[in-house]
There are 2 protein chains.
Amino acid sequence: MTNTHLTIPEGEAAPIPTGAPGVQLYPAPFEAVVGLLRQGIDTLAAAERFPRVAIPPVVPRALVERAGYVKAFPQLLGTVHSFTGTPAQWKELAPHAVEGGAWDSEQRASDLVLLPAACYPVYAGLAGKELAQPERFAVEGQCFRQEATSEPGRLRSFRMVELVTAGTEAHCLSWRADWLEAVAGWLRGMSLKVEVEVADDPFFGPTRRLFQAAQRAQELKYELRVPVADGLVQAIASANFHKDHFGEVFGFTSEGAPGNTACTAFGIERIVLALLHAHGPRPSQWPDSVIAAVTGGS
Amino acid sequence: MTNTHLTIPEGEAAPIPTGAPGVQLYPAPFEAVVGLLRQGIDTLAAAERFPRVAIPPVVPRALVERAGYVKAFPQLLGTVHSFTGTPAQWKELAPHAVEGGAWDSEQRASDLVLLPAACYPVYAGLAGKELAQPERFAVEGQCFRQEATSEPGRLRSFRMVELVTAGTEAHCLSWRADWLEAVAGWLRGMSLKVEVEVADDPFFGPTRRLFQAAQRAQELKYELRVPVADGLVQAIASANFHKDHFGEVFGFTSEGAPGNTACTAFGIERIVLALLHAHGPRPSQWPDSVIAAVTGGS
């Protein structure tokens, strides 16, 4: 609940199943490592000023529509629905409001969706601005993606920390290159086996191959892939360049042209799983050198 | 993003609107106060051992059905829906996947709902147990309630910290009484004007008055009500006794009978709003005595 101390509780950090694939509870030793990772990211980011913004797990539907997420990833988006009927209408459904019951026939889409990525709200906050200087933000949010498969680290609900910048294309490209190197170095310092790969996103629908090939060709997304379990390598962080997509859709500019954006994203649960896989299930027994590497030596 | 330091960033802590009522972003000074509150709750709780569990913002639908939340609060529950169709079906909806578009006709209810209260998953974790000793948990989660009205502190997405116990009726009643007094003292120590009131929950439907009167008569719920804005008093914390409801539905026992449970709940955003209302919008300028009171003198 708090990260105000570095003492790591005894015991195993393994997440606690909820019965729903990709949705877990997290015990104190796991959360202690999450706290160490936040410290490490702070240390990495200390040289740049990143105003912090905490992002809620639900955001306006209009925001993700405008960002283009619905078009690109309809199969991953979670929409928030609620009962908007009258007490009289509910009286008919109430007898079904038991475990496994069919009480949801009157649920209707609300104005909210689950947060698919932590950075969208800050791009929206730049609407109408001409960026004389690059903008920076550090965001954290609980993200949701309706993954079709389940495996360690293939979570539907997970925490994402992102460092974000907006400005010119030249700024965003050099910033992204610097951060890709910095994050790879940080992870390797934790004795994690890091592969850096040009990647694509799981676009949906008939045109997916086209999108994905184009994305790879432009090297928009670099993933840092690390073993999170035996024989299982996953992307635990990424460094992304969005060109002027968000400048176009949210209407902010740099040097008179639509603003470019880039972000470095940290998959918090996956990084913890990679550390548990590399250094053992009990963080309280990890070597001090590992703790120092995670926190950036602070 | 991290609460590893007590330094409070300069500037106003006011939440940042998202355009959706009751859903906000939070700047660094606000999050710094959240960190102080977590410290304060830790200090209050230090005398008892509360294993910590971090709760995700989505939980299994079956859990809240079994807990009885759907029956009691159908109008507040958010359900998670997703697209389960084929790429060919999506191809027909894709042209509507723009801002304000009608692309959601094929969204279907998933196995998940938004977390309505942070404590439910830990009661489920006690299923089948005979509690020889009282159990305790400290949980934090991002909760969701589809509130029909909007005002400062009337949030749809908010953080809840709960201290929870399970055991005999006598244990739960004395524990709840002790915590009600401790939390009221903590809040008054921050110079907040606290009214303690017997309350009821916003039950829905024809039988609501009956439920609410019964709940008040049994003094199941005490609310700690504090001004959060001019002329606006809200419950910022509560101390609750659930009798053997969760022992019955989740199947755990104490002394051979269905287990009783109690919890103390802290509405994190509302406590911050109350502090901002009492001490000003810039936490970096609050007196040291206020900071010390919030953190429990630590």
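Calculation criteria
Residues numbered from 1 in each chain as written. Chains lettered and ligands numbered in written order. Predicted model: local features only at pLDDT ≥ 70, side-chain atom pairs only at ≥ 80, totals over all residues. Heavy atoms only, no water. Contact = heavy atoms within 4.5 Å. Buried area = accessible area lost by both parts, 1.4 Å probe. Salt bridge = Lys/Arg side-chain N within 4 Å of Asp/Glu carboxyl O. Helix = DSSP H or I, 4+ residues; strand = E, 2+ residues; numbered from the N terminus. Pairing = 2+ DSSP bridges. Phe/Tyr/Trp six-rings, centres within 6.5 Å; stacked < 30°, edge-to-face > 60°. Buried < 20%, exposed > 50% of the residue type's maximum accessible area, 1.4 Å probe, protein only. Polar contact = N/O pair within 3.5 Å; in protein donor to acceptor, adjacent residues only side chain to side chain. Least-squares fit on C-alpha atoms with pLDDT ≥ 70 in both. Axes fitted to C-alpha atoms, helices over the stretch in contact; angles between N-to-C directions.

1. Here we look at the interface of chain A and chain B
Listed by partner, the interface residues are 75 residues for chain A and 75 residues for chain B. Buried area between chain A and chain B, summed over both chains or domains, comes out near 6,400 Å², and the portion from carbon and sulfur atoms is 64%. For the pair chain A and chain B, the interface holds six salt bridges. The closest approach of N and O atoms between Arg66 of chain B and Glu99 of chain A, which form a salt bridge, is 2.8 Å. Element by element, the count of residues in the side of chain A that touches chain B is highest for strand 6 (residues 107–114) of chain A, at six residues. As judged from the three bridges shared by strand 5 (residues 79–83) of chain A and strand 5 (residues 79–83) of chain B, these two strands associate in the antiparallel manner. When the bridges of strand 5 of chain B are listed, His81 of chain A appears paired with Thr79 of chain B.

2. Things to note about the packing of aromatic side chains
All names here are of chain B. Evaluation of the coordinates by the stated rule reveals 22 aromatic pairs over all chains. Centre to centre, the rings of Trp186 and Phe266 are 5.8 Å apart; their planes meet at 80 degrees, and the pair counts as edge-to-face. Of the two residues, Trp186 sits in helix 6 (residues 169–189) while Phe266 sits in strand 14 (residues 260–267), which places them 80 residues apart along the sequence. With respect to class, Trp186 is no different from Phe266; both count as buried.

3. Thoughts on unusual backbone geometry
Unlike most non-glycine residues, Ser191 of chain A shows phi in positive territory, near 65 degrees. Assignment of secondary structure puts Ser191 of chain A in the loop between helix 6 (169–189) and strand 9 (195–199). Overall, the relative accessible area of 48% leaves Ser191 of chain A in the partly exposed class. The backbone phi angle of Glu219 of chain B is positive, close to 50 degrees, even though this residue is not glycine. When you line up the elements, Glu219 of chain B lands in the loop between helix 7 (208–217) and strand 10 (221–229). For Glu219 of chain B, a relative accessible area of 36% puts it in the partly exposed group.

4. A closer look at the side chain of Asn240 of chain B
Residues and elements named next belong to chain B. Note that Asn240 resides in strand 11 (residues 232–241). The class for Asn240 is buried, based on a relative accessible area of 7%. Side-chain polar atoms of Asn240 contact the side chain of Lys221, separated by 3.1 Å. A polar contact of 2.9 Å, which involves the side chain of Asn240, links it to the side chain of Ser238. Excluding residues that lie within four positions of it along the chain, Asn240 makes contacts with Arg176, Leu220, Lys221, Tyr222, Thr261, Ala262, Cys263 and Ala265.

5. Details of the environment of Tyr123 of chain A
Residue and element names in this part refer to chain A. By the secondary structure assignment, Tyr123 is in helix 5 (residues 120–124). Separated by 129 residues in sequence, Tyr123 and Phe252 place their C-alpha atoms 8.5 Å apart. Filtering out sequence-adjacent residues up to four positions away, Tyr123 remains in contact with Val164, His242, Phe246, Phe250, Phe252, Thr261, Ala262 and Cys263.

6. What to know about the relation of the copies chain A and chain B
For the match of chain A to chain B, the screw axis carries a shift of 0.0 Å, the RMSD comes to 0.0 Å, and the turn is 180 degrees. Here the two chains are linked by the operation of a two-fold rotation axis. Counting the interface residues of chain A, we find that 100% of their copies in chain B are interface residues as well, pointing to one common contact surface.

7. Regarding the pairing of strand 8 (residues 157–167) of chain B
Among the 11 residues that make up strand 8 of chain B, 11 are buried, leaving the element largely enclosed by the rest of the structure. Side chains Ser157, Arg159, Val161, Leu163, Thr165 and Gly167 of chain B project from strand 8 of chain B onto one buried face, and the interleaved Phe158, Met160, Glu162, Val164 and Ala166 of chain B project onto a second face that is buried too.

8. Describing the sheet that holds strand 6 of chain A
Spatially, six strands are ordered 4(A)-6(A)-5(A)-5(B)-6(B)-4(B) in an open sheet, and the strand pairing comes out antiparallel. Each of the sheet's edge strands pairs with one partner strand only, and the pair in question is strand 4 (58–60) of chain A together with strand 4 (58–60) of chain B. Taken pair by pair, the neighbouring strands of this sheet meet at an average axis angle of 60 degrees, ignoring direction. In this sheet, strand 6 of chain A lies alongside strand 5 of chain A in antiparallel orientation, the contact comprising four bridges. Each residue of the ladder has a partner; that of Phe83 of chain A, found in strand 6 of chain A, is Gln107 of chain A.

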